[in-house]
Protein chains: 2
Amino acid sequence: MVTPPNLDSQSAVPLYRQLHSHFERLIQSGQLARGERLPATRELAGMLGLNRTTVSAAYELLESEGLIAGHVGRGSFVIGGPAPATGGISWESLLDRFVGPEAAPLSLPGKNGISFAASRPSEQLFPLDALRASCEEVMAQPDFASILQLGASSGYEPLRRYLLERARSQDLARPGDDLIVTSGCQQALDLIARVLLGPRDKVLLEDPVYPGLKNLFAVHGAELLGVPVTAEGIDVEQLERILAGERPRLLVATSNFQNPTGATLPLAARQALLRAARRSGVVVVENDLYGELRYRGDPLPGLKQLDESGDVVLLRSFSKITFPGLRVGWVIAPKPLVACLAQAKQLSDLHTDQFSQAVLLRFAESGRLEEHRQRMLHNGSERLAAVLAACERYLPPEARFTRPQGGMNLWVRLPEPLDAGELLARALREQVAYLPGRYFAVSRPEPGSLRLSFAGLTPEEIRRGLSILGGIFGEELERVRANRAVEPAPALV
Amino acid sequence: MVTPPNLDSQSAVPLYRQLHSHFERLIQSGQLARGERLPATRELAGMLGLNRTTVSAAYELLESEGLIAGHVGRGSFVIGGPAPATGGISWESLLDRFVGPEAAPLSLPGKNGISFAASRPSEQLFPLDALRASCEEVMAQPDFASILQLGASSGYEPLRRYLLERARSQDLARPGDDLIVTSGCQQALDLIARVLLGPRDKVLLEDPVYPGLKNLFAVHGAELLGVPVTAEGIDVEQLERILAGERPRLLVATSNFQNPTGATLPLAARQALLRAARRSGVVVVENDLYGELRYRGDPLPGLKQLDESGDVVLLRSFSKITFPGLRVGWVIAPKPLVACLAQAKQLSDLHTDQFSQAVLLRFAESGRLEEHRQRMLHNGSERLAAVLAACERYLPPEARFTRPQGGMNLWVRLPEPLDAGELLARALREQVAYLPGRYFAVSRPEPGSLRLSFAGLTPEEIRRGLSILGGIFGEELERVRANRAVEPAPALV
C-alpha cells in the first residue's frame, strides 16, 4: 500500500485537490509505477474519513491528465508517470489478460483496532513453547539433514503415513484412497482445479462462500454456479435441481461450520447430497477445515465417511487449529486422483516445505496438537458465546445472524436498506473491520450481509467491536427511517 | 512405487509369466489401483536386470487381459482390477485430459549406489549447527508468534526488504522493480506462466533444458520452441532467427552454469541476447539459480544488470546453496508484473511458509549463509575438478563433455551409436544412476547424451561412479564395433 496522504482540512486548497496532488507526486516520482492499482474509492474514503465523492473527484482529475485509467470491476490503474528508461515492454497491456482476484478491502489502520475480517486463530493462543519443543526435537532427529534435502511431491513420508493411518482409523480413508500433503488447503483446491477442470467447466459452490475459494475457480476459467446456503448449510433441494439441469464437474461443499455462514449440514442433508451427487456423476470435494473445532452439539459423520462410492475428495489442514503461517494441509482421495495431484504439485512447487511438515508431525505425534486443540475448543466456545450474546445485545433487533456450533465465522443479515459495504467505511473510521457480503457472493449478491470472524478476538474485544458496529448500524437505520418519514406522500390521482 | 517382484530365474515358469502374475496380483488386490502407472519397460528391465522384451511380453499379456492399457508417451496404466464399491466415478476417463510430466526414471535401488541423477547439494555439507542456531534465534524473536500467523502473499516482509536492498546494492533491482518471495524457483516459473501465458502462446527455451522447466510450460499449454545450447550457452544467432520468425511471449535463459549443460553465456552473447529480445518485445526470464556457485573464472554481469530497459525478470533461490527442503526462492521484476504474481500466488497457496522464510533470513543476515557459500565454493571446486578429470580418464576418448566453471552439472555426448537411455539399465544394475538426454530435449532429442550432476557426490564417489560408467560405455562401444567389423561388406554392383 501507498503511504496515506497528509491532508489539511483547514487549508484553502480543497481536499480533492490535495488528494490529487498527493497521487500525482507518487506517480510522477515512480513510487506508484505504471500498472499499479489505486485503492478503491469507497475504501480510501473510509480510511481517510473523506466523502466518497471527494476521492472520486481526485481520481477523475488524475484520469483527465492521463495519469490513471479506470477499468470496470478492476479499479483504477496507473498509466502515466516516468516512461521506462528505453521504452521496453508495455507491461500494462501484457498483463491485461490476467484477471486476478478482487482486492481485499484495506485492513485496519490502527494497532488498537478490532478486526472481525480474518478467519484465523488468535496469535495470543499459539502454543509457542510446545512448538519450540517440537522444533528442538526435529533438529535433534537423525534424519534432520534429509528433512532439509529435496523431498517427495506427495509429502514428507513420515507425516504422510501418520496422517493416512489416522484417517484410516477414523474411516476417513478407504483402501482405494491415498493422501498427498499440500501447502495448505488453498493449494489443494488449486491442484484439484488444475487436474480436473478444463476451460468453461462448471463448478458448484456454496453461495455465499469465502473469496479464496470462489476467486480460485474463477481464475481457472470455470463457470461458477452458486447453491444457496441457509442456516442449515447448502440447500440440497436446490442442489438437486441444478445438478439435474447442468452438468457440473465439481461440487465443493463444507460439512461443518461453513465459511462464511458458520452453517453445519444436518445428517439427512449430507446423505441427500451424496445421493444427488452419485446420480449426476459430479466429483464432491469436502472442504473440512473447521471440522475439529466444534464447540457445541454432537459431531456428525463427514461426507467422506458417509460416502459409499469411495469417491469423495476430502481436504483438511493444520492451519485453522495451529499455525496458519506454516502452510501444511492434505487431500485424501482415490489413488488415481492423488497420483495426478502429485504430478501437478511437482510442477507447481516441487513439494511442501519439509521442515514445517516434520515440525507439525512432532507436534501432532507428541500429543501437543490434541492438548492445544482442547484449549482452542475451550477458548472458541467462550468466543462463540460472546459473539452470539453481543449480536443479540447490540445489533438492531431486525438483524438476523446464524448460530454456528463451531468454527470461526458467523453471518449477519442487516435489515434493508442497510448496505454493509457502504457502512464499512464508517466502521473503519471507528477502528472496527469486517468483510461485507459482496466478497462472498457467487451469484446472489447480498448487500445487507457481512461476515464476523470471531476466533481471533477475545470476548472483551468481541463485545467492544459489536457495540461499535451495533451503534453504526442502528444509527444508520434510524437516519434512513427518519428520511423516509419526511418524504412527501405521493399525490393520490 | 510398487514392491519389486520376487523372480526365480531357475523356475520352469518363464520370467515374463512370473512378472505378469506379480502385476496381476497387485491389480486384482487393488494395491495397484485403476489409473495408476506402471514403471516404464526400459527402467523396470534395468532395475530387475531383465531383458526389455521380457518386461514388454508381461505387459502385453496384462493388456490382452484388459488389466492395463498403454498410452503413447504416458506409459502403461491400470484399467482393470476390483470395481469401485458401487460403480462411482470413472477416475480414469475423468483424469484422461490431465497430461502430467513424464515420470522420472527409477531412482537407485541400493544405499551404496552413486547417483549423478539429481542436481542438488550434498546433505553431508549442510551446515546443521548454523541452521539450528538460526532457528533458535527466530524462536526467540519477539515477532515469533506473528511469523506463525497468516502472512502476506508477497513474502515475509523483513526477508523481502533484506533481499530487495541487497539486490539494489548489486544493481539487480531498479527503482521500478519489486520482489516477491516464492516457494522455490519452480513456483516462480509457474506463477509467471499463469500470469503471462495464454493457451498456445510460444515460449523459447534452451534446448536441452531441465525437465521441471520444460514440463511446466508444456502443461500450461504453451508451444515450446527450443534454442540450441552450445558449450558457450544459448546460441544467440539461432535465437535471433527464431525471434524474427515467431512471436514468442517468453524467453527463459540461464546466464550461468546452465542446467543440464553447465554452460555460461559470454558477455557479448548476453548483450546480443538482450538486443534481440528488445527488438522482438519478448519477455526475458533470467533463471539464475546457480550464479553464486562459480568455482573458476571471473563473474560476469547478469542479464538483469546489463539490461537497459529494466524489463528482465530475475529468478533466484536459496535452495541450491543451502537447504532445498526449505522452499524459498524469489523473483525481481517490474512492479506491475510482481503485483500480478502476488495475486496469482495468493490464489495458489496464500503465501510461502513463514517459518522457513524467517529462518533463512537469520541464516543470511547473520553471515552464516556467506560462510557456508565459501565452503560450498571450496567443495564445489574440488568436485568439479574431480568430475572433469574422471571424464577425461574413464570416458571413451570419442566422448565429448562440457567444462563448466560452476554450478552442479555437466553434459556428456557419447560417440554414436551409443544410446544413453538404453545404457542406463546397465548402469543401474551396477548401482550408478544418471539422467539420459531425452529428459532434457525440447525439440532436438540427443539419444547419445546424458547429464552428470556432480555436486552431491564426493570426489571419491565421482571417480568410482565414472570408472563404472566409463567401463559400460567403453564395452558397449567395443561390442558395437566388433559387430560392425564382421558385418558382410555390401556387394559392389
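Not measured: the values here are computed from a predicted model. (Residues numbered from 1 in each chain as written. Chains lettered and ligands numbered in written order. Predicted model: local features only at pLDDT ≥ 70, side-chain atom pairs only at ≥ 80, totals over all residues. Heavy atoms only, no water.)

Turning our attention to the overall build of chain A. Each helix and strand in chain A was counted, giving 17 helices and 16 strands. Radius of gyration (C-alpha) of chain A: 25 Å, near the 23 Å computed for a compact globule of 493 residues. Across its three principal axes, chain A shows a C-alpha extent of roughly 75 × 65 × 50 Å. Within chain A, the fraction of its 493 residues that count as buried is 58%. For chain A, long-range pairs separated by at least 24 residues make up 74% of all intrachain contacts whose partners lie at least 6 apart in sequence. Accessible area for chain A stands at about 19600 Å²; split by element, carbon and sulfur atoms hold 50% of it. (Helix = DSSP H or I, 4+ residues; strand = E, 2+ residues; numbered from the N terminus. Rg over C-alpha atoms; globule rule 2.2 N^0.38 Å. Buried < 20%, exposed > 50% of the residue type's maximum accessible area, 1.4 Å probe, protein only. Contact = heavy atoms within 4.5 Å. Areas by Shrake-Rupley, 256 points an atom, 1.4 Å probe, with all protein chains shown as cover.)

On to the interface of chain B and chain A, then. Size of an interface: often given as the accessible area lost when the parts come together. On the chain A side, the residues contacting the 84 residues of chain B number 84 residues. Counting each side, the surface lost to burial between chain B and chain A is near 7300 Å², with a carbon and sulfur contribution of 62%. For the pair chain B and chain A, the interface holds 2 salt bridges. The partner of R194(B) in a salt bridge is D190(A), with the nearest N and O atoms 2.3 Å apart. Linking chain B with chain A are 24 residue pairs in polar contact (both at pLDDT 80 or more), by the criterion used here. Where the side of chain B that touches chain A is concerned, the elements lending two or more residues are α4 (91-95), α5 (128-140), α6 (144-147), α8 (184-196), α9 (211-219), α13 (335-349) and α14 (354-365) of chain B. Element by element, the count of residues in the side of chain B that touches chain A is highest for α13(B), at 10 residues. Its residues placed into classes, the side of chain B that touches chain A shows 39 nonpolar, 26 polar and 19 charged. (Buried area = accessible area lost by both parts, 1.4 Å probe. Salt bridge = Lys/Arg side-chain N within 4 Å of Asp/Glu carboxyl O. Polar contact = N/O pair within 3.5 Å; in protein donor to acceptor, adjacent residues only side chain to side chain. Nonpolar A, V, L, I, M, F, W, Y, C, P; charged D, E, K, R; others polar.)

This brings us to empty space enclosed by the protein. Summed over the entire model, instances satisfying the criterion amount to 13 cavities of 30 Å³ or more. Lining the largest cavity are R166(B), D288(B), L289(B), G291(B), E292(B), R316(B), S317(B), F318(B), I321(B), W330(B) and L369(B). Grouping the constituent residues of the lining of the largest cavity by class yields 5 nonpolar, 2 polar and 4 charged. In this model, the second largest cavity occupies a volume close to 80 Å³. Looking at the second largest cavity, the residues that line it are S183(A), R327(A), D349(A), H351(A), T352(A), D353(A), S183(B), R327(B), D349(B), H351(B), T352(B) and D353(B). Partitioned by chemical class, the residues of the lining of the second largest cavity number no nonpolar, 6 polar and 6 charged. (1 Å grid on protein atoms, 1.4 Å probe; cavity = no way out; pocket = protein on both sides within 12 Å on 5 of 7 lines; lining within 4 Å. Points joined across faces, edges and corners; volume = space filled by probe spheres on them.)

Turning next to the nonpolar core. Among the nonpolar cores identified, the biggest contains 240 residues, and F217(A), Y434(A), L452(A), F217(B) and Y434(B) are the most heavily contacted of them. In contact with F217(B), not counting residues within four places along its chain, are L189(B), A193(B), L197(B), V203(B), L205(B), A222(B), L224(B), L250(B) and V252(B). (Core = buried A, V, L, I, M, F, W, Y, C linked by side-chain atoms within 4.5 Å.)

Quick look at the relation of the copies chain B and chain A now. Mapping chain B onto chain A calls for a rotation angle of 180° and an axial translation of 0.1 Å; the resulting RMSD is 0.1 Å. Such values leave the two copies arranged in the relation of a two-fold axis. When C-alpha positions in chain B are compared against the rotation axis, the closest is assigned to D353(B), at 3.5 Å. (Least-squares fit on C-alpha atoms with pLDDT ≥ 70 in both.)

All chains considered together, the criterion is met by 53 salt bridges over all chains. For the salt bridge of E446(A) with R444(A), the shortest nitrogen-to-oxygen distance reads 3.9 Å. On the basis of relative accessibility, which here comes to 13%, the residue E446(A) falls in the buried class. In this structure, E246(B) and K202(B) form a salt bridge, with 2.7 Å as the shortest nitrogen-oxygen distance. Of this pair, E246(B) sits in the loop between α10 (236-245) and β8 (250-253) while K202(B) sits in strand β5 (residues 202-207); the two residues are 44 residues apart in sequence, bridging distant segments of the chain. Given the relative accessible area of 27%, E246(B) is considered partly exposed. Given a relative accessible area of 23%, K202(B) falls into the partly exposed group. Taken together, the shared-partner salt bridges in this structure form one network comprising E137(A), R362(A), E365(A) and R368(A).

Further remarks concern the pairing of strand β10 (residues 313-317) of chain B. All names here are of chain B. Burial of β10 is extensive: 5 of the 5 residues sit out of reach of the surface. Relative to β10, strand β9 (residues 283-287) is paired through 3 bridges, and the arrangement is parallel. Bridge pairing links N287 to L315 in β10. In this sheet, strand β11 (residues 329-334) lies alongside β10 in antiparallel orientation, the contact comprising 4 bridges. Bridge pairing links S317 to G329 in β11. (Pairing = 2+ DSSP bridges.)

Right, let's talk about the domain arrangement of chain A for a bit. Residues and elements named next belong to chain A. When the domains of chain A are assigned, the result is domain 1 (15-94), domain 2 (114-125 + 370-480) and domain 3 (128-366). Spacing between the C-alpha centres of domain 1 and domain 2 amounts to 32 Å. Between domain 1 and domain 2 lies a buried interface of about 540 Å² when both sides are counted; carbon and sulfur atoms form 48% of it. Sorting the residues of domain 1 by area buried against domain 2 places R42, E43 and G46 first, and these three jointly supply 81% of that buried surface. Scanning the region where domain 1 abuts domain 2 turns up 0 salt bridges. Top element by residues in the side of domain 1 that touches domain 2 is helix α2 (residues 41-48). It accounts for 4 residues. (Domains from an automatic or database assignment.)

To continue, consider α10(B). All names here are of chain B. Buried residues of α10: V236, L239, I242 and L243, and no others. Considered in projection along α10, the buried side chains sweep an arc of 115° and stay on one side of the axis. Away from the buried face of α10 by more than 90 degrees, exposed residues E237, R241, A244 and G245 are located. Buried residues along α10 sit against β5, β6 (223-230), β7 (233-234), β8 and α11 (267-280). Capping the start of α10 is the job of one residue whose side-chain oxygen sits 3.1 Å from the backbone nitrogen of E237: D235. (Arc of directions from axis to C-beta.)

This next bit is on the sheet that holds β6(B). Residues and elements named next belong to chain B. Sheet architecture is open: 8 strands sit in the order β4-β11-β10-β9-β8-β5-β6-β7, paired in mixed fashion. With partners counted over all chains shown, the strands left at the sheet margins are β4 (177-182) and β7, one partner each. Of the strand pairs in this sheet, β8 and β9 are connected by 4 bridges, and their pairing is parallel. Note that in β9 the partner of L250 across the bridge is V283. On the sheet, α8 packs against β4, β8, β9, β10 and β11 and is oriented at approximately 155° with respect to β10. (Axes fitted to C-alpha atoms, helices over the stretch in contact; angles between N-to-C directions.)

Let us look at the packing of helix α2 (residues 41-48) of chain B against helix α3 (residues 52-64) of chain B. For any two helices packed against each other, the geometry comes down to the angle between their axes and how far apart the axes lie. All names here are of chain B. The geometry of α2 relative to α3 is characterised by a closest axis approach of 8 Å and an angle of 120° between their N-to-C directions. Here α2 is positioned oblique relative to α3, judged by the angle of their axes. For α2 against α3, the interelement crossing comes out right-handed. Of the residues in α3, those touching α2 at T41, R42, L44 and A45 are R52, V55, S56 and Y59. (Parallel < 35°, antiparallel > 145°, perpendicular 65-115°, else oblique. Left-handed = near helix turned anticlockwise from the far one by under 90°.)

Moving on to the packing of aromatic side chains. Residue and element names in this part refer to chain A. In the structure shown here, the tally under the stated rule is 15 aromatic pairs over all chains. Each ring, one from F144 and one from F355, has its centre 5.9 Å from the other, and the planes form 55°; the classification is tilted. In this pair, F144 is assigned in helix α6 (residues 144-147) and F355 in helix α14 (residues 354-365), connecting sequence segments 211 residues apart. (Phe/Tyr/Trp six-rings, centres within 6.5 Å; stacked < 30°, edge-to-face > 60°.)

So, on to the sheet that holds strand β13 (residues 409-413) of chain A. Residue and element names in this part refer to chain A. Reading across the sheet, the 4 strands line up as β12-β13-β16-β15 and stay open at both edges, with antiparallel pairing between neighbours. The open sheet has two free edges, formed respectively by β12 (400-401) and β15 (435-436), since each of these has just one partner strand. Across 5 bridges, β13 lies against strand β16 (residues 449-453) in antiparallel orientation. By the bridge assignment for β16, R413 is matched with S449.

Turning our attention to the packing of α14(B) against helix α15 (residues 368-394) of chain B. All names here are of chain B. Two elements in contact, α14 and α15, have axes separated by 4 Å at closest approach and are oriented at 75°. By the angle class used here, α14 and α15 are roughly perpendicular. From α14, R362, F363 and A364 reach across to α15, where they touch R368, L369 and H372. Of the residues belonging to the contact of α14 with α15, the class tally is 3 nonpolar, 1 polar and 2 charged.

Take the environment of G100(A) next. Topologically, G100(A) is positioned in the loop between α4 (91-94) and β3 (114-115). In this structure G100(A) comes out as buried when scored by relative accessible area, which is 19%. Sequence separation of G100(A) and L216(A) is 116 residues, and the distance between their C-alpha atoms is 9.0 Å. In contact with G100(A), not counting residues within four places along its chain, are V219(A) and Q343(B).

Looking at the secondary structure, you find K345(B) in helix α13. Beyond its immediate stretch of four places on either side in the chain, K345(B) contacts S153(B), I180(B), V181(B), T182(B), S183(B), Q187(B), L191(B), L350(B), H351(B) and T352(B).

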